[in-house]
Amino acid sequence: MHFSETINTGFFFLAPWLVFAPVIGLLVNIILGGWFLKRSWGETAVGTVASLASGAAFVVSALLAYSVYANGGHGESVFLAQWMHIGDLQLNWTFRVDSLSTTMMLVVSGVGTLIHIYAIGYMHEDVRFKKDEKRYQRFFVFLNLFIAAMMILVSGDSYLMLFVGWEGVGLCSFLLIGFWYDMDTLGRSSWANSNAAKKAFITNRIGDFGFLIAGFLMFWAFKSFDFNTVFEAAESAPPELILLITLFMLVGVAGKSAQIPLYVWLPDAMAGPTPVSALIHAATMVTAGVYLVSRSAPLYTLVPEAQYVVAMTGAATALFAATIAVGQYDIKKVLAYSTISQLGFMVAAVGMGAYVAGMFHLVTHAFFKALLFLSAGSIILGLERGHHHLAHHGGGHGDHHEEVFDPGDMRNMGGLRKTMPVTFWLYLTGTLALAGIFPFAGFWSKDEILADAFREGYTGVYWLLTLAAFFTAFYMGRQIWMVFFGEPRHEAAAHAEESKPIITVPLMVLALLSIVGGALNLPGLHTFTEWLEHTLEVHAGEFVMSVALISTALALAAIVISWLIYGRNPLKAGQPDPLKKPLGLVFTGMENKWFVDEGYKAVILDNYVRISKFLADVIDWRFWHDWFHEKVIAGTYNWLSNVALNKYADQRGIDAFANGLGEWTKEASASLRRVQNGFVRSYALSVLLGVVLILGYLLLK
Amino acid sequence: MVPEIYYLVLSAILFTMGALGVLARRNALIIFMSVELMLNAANLAFVSFANTYQQLDGQIIVFFVIAVAAAEVAVGLALIVAIFKSKHSIDVDQMSSLKG
């Protein structure tokens with residue numbers, strides 16, 4: 001009876017626990033974490049609490065998804081609290097539970113929980129390699145805070161609640177990129193990691209500025225931030241206004257989802273621990289922009305111009321980042337540029353109006369990119385272990401401590417297939433999924449984007465993305481050959497050790513999802529399309545065989561080419577990249593990220609610093625401080641107090657009066673003193689005169 | 001009968017002489033005697049008025065004055081003796097300081 005009632009009303013009332021569960025987890029870890037860590041089981045306890053909190057959010061997400069399903073696909077809004085009511089502004093904390101938001105919730109909490117579990121093992125070793133075991137607790141607090149903020153983002157019922165989460169995840173991203181804030185990625189004392197964190201934060205502020213402008217415009221025009229109100233009002237609003245709103249929103253998307261021109265922070269964000277790179281900078285937070293565009297679909301549909309701009313931005317980013325990934329040596333940097341490229345795919349998809357394809361790729365990408373990053377983390381730990389093994393048991397290699405060893409540099413790897421077999425197979429799964437090989441998840445989702453681009457007539461976008469897909473397969477092939485095949489190019493790689501099950505088991509789950517994830521939206525079945533149809537106006541697109549064949553053929557060709565270059569003749573230690581010679585300057589460009597950072601520095605940063613210096617030195621110091629404050633205000637004040645008040649009013653007025661009174665009294669008493677001469681006869685004379693005066697007065701009156 | 005004004009004139013003359021004596025002389029004893037002269041000039045004025053108006057008030061005050069003058073002489077002479085003992089002089093101009 002009670003159960004059937006619950007079935008009817010659904011589990012919507014549980015929605016606030018999406019946020020409360022991780023918040024409780026982080027509070028427990030803040031309060032008890034330090035106490036836990038003093039015990040031998042402390043790290044497990046801290047990690048378990050955090051994982052359970054994230055897992056609880058996953059359970060709630062699953063129940064909510066079920067409720068939406070049981071409700072016939074229709075969403076609900078769950079009111080939690082009144083935030084503020086000021087004039088026209090009516091802000092409530094309301095959870096929007098529909099098929100789109102529950103999809104995001106499931107990805108965030110599902111992948112998030114797996115990464116929490118992975119992090120228990122990863123951080124156990126990381127804090128020891130970095131020699132600060134107390135930060136273990138802080139890591140999980142931040143991780144739970146991130147889950148909470150991300151849940152606020154995806155469950156918000158208005159643009160402002162979304163923005164709260166948007167900023168929250170930005171903060172967590174900043175905190176976690178700068179997690180090892182006092183060192184660089186190699187553990188040397190430096191501010192490199194904090195600088196990376198600041199770069200991410202500031203670049204995101206530029207994007208958020210755009211988002212804020214979009215929000216202001218929205219409120220100015222529609223007097224509301226609520227999704228429903230805005231979407232309804234937008235239909236009768238002038239298209240120029242909607243165009244402005246959507247384009248400013250695109251700036252925010254470019255910041256958070258690392259699109260041209262604001263993508264530069266994401267590669268640097270790899271300074272954070274690998275679970276962070278996987279969770280925040282690959283699987284969830286960076287997809288917030290894609291979610292935002294999907295959520296704002298009713299706005300974007302009204303202005304095809306904006307859609308075109310979004311699609312081109314995404315497609316250009318996809319290709320541009322893919323070319324840079326080819327020239328990178330750091331295993332995480334390759335994945336970072338790959339993430340930017342894949343986000344480009346998603347943004348292009350949602351820009352074309354192919355929301356289902358974009359969201360589908362978002363989900364599958366979360367699986368396989370998290371898998372790749374976490375496997376990369378496992379590889380890095382394996383090399384660290386090998387390096388430490390050498391340092392402790394090396395005997396003849398006494399100088400190993402002096403050598404700076406980069407465990408993330410692919411030129412130090414090679415042959416890891418034998419030493420880390422489990423990680424190899426996991427990584428291979430992720431690679432095949434990312435490269436879009438049939439029947440892995442990436443094949444289906446990427447193909448759907450390409451098919452939509454082809455069908456909707458976005459020819460430019462289609463070719464850009466196809467080319468990007470070719471590069472994707474190529475750089476992933478390059479990575480596989482460089483990392484796992486050939487001979488070890490460093491002794492650490494030769495002595496690398498496989499990771500423990502706490503690290504590999506979550507990876508296996510992700511690998512499984514990367515294999516079967518495509519089943520979400522198989523051509524002909526369109527499960528995912530039907531699911532999202534309840535929230536978005538989308539239609540199932542048909543499978544285009546020619547597109548699938550071309551992209552698969554290109555991917556296979558790219559892998560074969562990468563084998564010809566990197567697999568057939570494995571790289572030797574110290575040998576430059578074989579592509580360097582034939583490509584020449586082009587490869588130098590890829591290697592150096594097309595000098596975008598340097599360009600930004602020359603064009604924007606240096607001028608910015610110059611303007612700042614001018615403002616600080618000339619305007620603020622010399623004009624404002626030296627002239628206005630010192631001369632005008634302080635000078636006038638000094639003159640006023642010194643000359644006018646002190647010299648004239650005080651000294652010549654008040655002092656003169658008081659001193660004059662004293663002087664007069666002194667002089668008067670000096671003359672009176674002469675009367676008191678001590679001669680009795682003069683006193684007698686005074687008495688006589690006094691009597692004469694009084695009597696005279698009395699008589700003559 | 002001698003008219004009343006004669007007494008008053010005599011009284012004024014005596015008083016003036018006494019006052020001049022107090023102001024002009026430096027010998028403490030002489031000053032003392034001049035004060036007595038002034039007191040008695042006042043006494044003379046009192047009794048003449050008492051006689052004129054036939055009232056006893058003036059005469060009674062005169063008795064008081066004579067009694068007070070006697071007491072004053074006792075104290076004053078004692079002071080003069082004490083001063084003479086320490087200064088070997090009774091010149092009032094030499095007693096311009098309060099210090100002994």
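Just so it is clear, the model here is predicted, and its values are computed rather than measured.

**Here we look at the pairing of strand β1 (residues 76-86) of chain A**
Residues and elements named next belong to chain A.
Move 1: Of all the 11 residues making up β1, zero are buried; the element is thus mostly uncovered.
Move 2: Bridge count for β1 against strand β2 (residues 89-97) is nine bridges, and the pairing is antiparallel. For F79, the partnering residue across the bridge sits in β2 and is T94.
Move 3: Between the antiparallel neighbours β1 and β2 lie two residues, among them G87 with a positive phi of about 55 degrees.

**Some remarks on unusual backbone geometry**
All names here are of chain A.
Move 1: For the bond from I260 to P261, the omega torsion is 5 degrees, close enough to zero to count as cis.
Move 2: With respect to the element layout, P261 can be found in the loop between α9 (239-256) and α10 (265-268).
Move 3: Each neighbour pair has its own omega, and for F438 with P439 the value is 0 degrees, a cis peptide bond.
Move 4: Along the polypeptide, P439 turns up in the loop between α18 (421-435) and α19 (441-456).
Move 5: Of note in the backbone geometry, K593 takes a positive phi value of approximately 55 degrees without being a glycine.
Move 6: For K593, the position within the fold is in the loop between α26 (585-591) and α27 (596-673).

**Topic: the nonpolar core**
Residues and elements named next belong to chain A.
Move 1: By size, the foremost hydrophobic cluster in this structure holds 217 residues, and its most contacted members are M151, A348, A370 and L465.
Move 2: By residue number, the principal contributor to this core is helix α16 (residues 355-393), which donates 20 residues.
Move 3: In this structure A348 touches A311, G314, A315, A318, I449, V461 and L465, once residues within four positions along its chain are discounted.

**Some details on the packing of helix α5 (residues 135-155) of chain A against helix α6 (residues 159-177) of chain A**
Residues and elements named next belong to chain A.
Move 1: Running from amino to carboxyl end, α5 crosses α6 at an angle of 160 degrees, the nearest separation of the two axes being 7 Å. By the criterion of interaxial angle, the relationship of α5 to α6 is roughly antiparallel. Crossing hand, α5 versus α6: left-handed. In contact with F142, L145, F146, A149, M150, I152 and L153 of α5, α6 contributes M161, L162, V164, G165, W166, G168, V169, C172, L175 and L176.
Move 2: Residue composition of the contact of α5 with α6, by class: 15 nonpolar, two polar and no charged.

**Some details on the interface of chain A and chain B**
Move 1: Each side of the interface is counted separately: chain A has eight residues, and chain B has eight residues.
Move 2: The class makeup of the residues in the side of chain A that touches chain B is five nonpolar, two polar and one charged.

**Some remarks on α9(A)**
All names here are of chain A.
Move 1: Under the 1.5 Å per step criterion, the end-to-end length of α9 is 25 Å for 18 residues, consistent within 8% with the ideal 26 Å.
Move 2: Turning to α9, its buried residues number three or more, namely I242, I245, T246, F248, M249, L250, V251, G252, V253, A254, G255 and K256.
Move 3: Where α9 terminates, the next one or two residues include A258, which has phi positive at roughly 55 degrees.

**Notes on the packing of helix α2 (residues 17-37) of chain A against α5(A)**
Residues and elements named next belong to chain A.
Move 1: Between α2 and α5, the least distance of the axes is 8 Å, while the angle of their chain directions is 170 degrees. Taken together, the axis directions place α2 and α5 in an arrangement best described as roughly antiparallel. Contact residues: L18, V19, P22, V23, G25, L26, N29, I30, G33, G34 and L37 in α2; Y136, Q137, F140, V141, N144, L145, I147, A148, M151, I152 and S155 in α5.

Rules behind the numbers
- Residues numbered from 1 in each chain as written.
- Chains lettered and ligands numbered in written order.
- Predicted model: local features only at pLDDT ≥ 70, side-chain atom pairs only at ≥ 80, totals over all residues.
- Buried ≥ 20, exposed ≤ 12 C-beta atoms within 10 Å, placed from the backbone.
- Helix = DSSP H or I, 4+ residues; strand = E, 2+ residues; numbered from the N terminus.
- Pairing = 2+ DSSP bridges.
- Core = buried A, V, L, I, M, F, W, Y, C linked by C-beta atoms within 7 Å.
- Contact = placed C-beta atoms within 7 Å.
- Axes fitted to C-alpha atoms, helices over the stretch in contact; angles between N-to-C directions.
- Parallel < 35°, antiparallel > 145°, perpendicular 65-115°, else oblique.
- Left-handed = near helix turned anticlockwise from the far one by under 90°.
- Nonpolar A, V, L, I, M, F, W, Y, C, P; charged D, E, K, R; others polar.
- Expected span 1.5 Å × (residues − 1).

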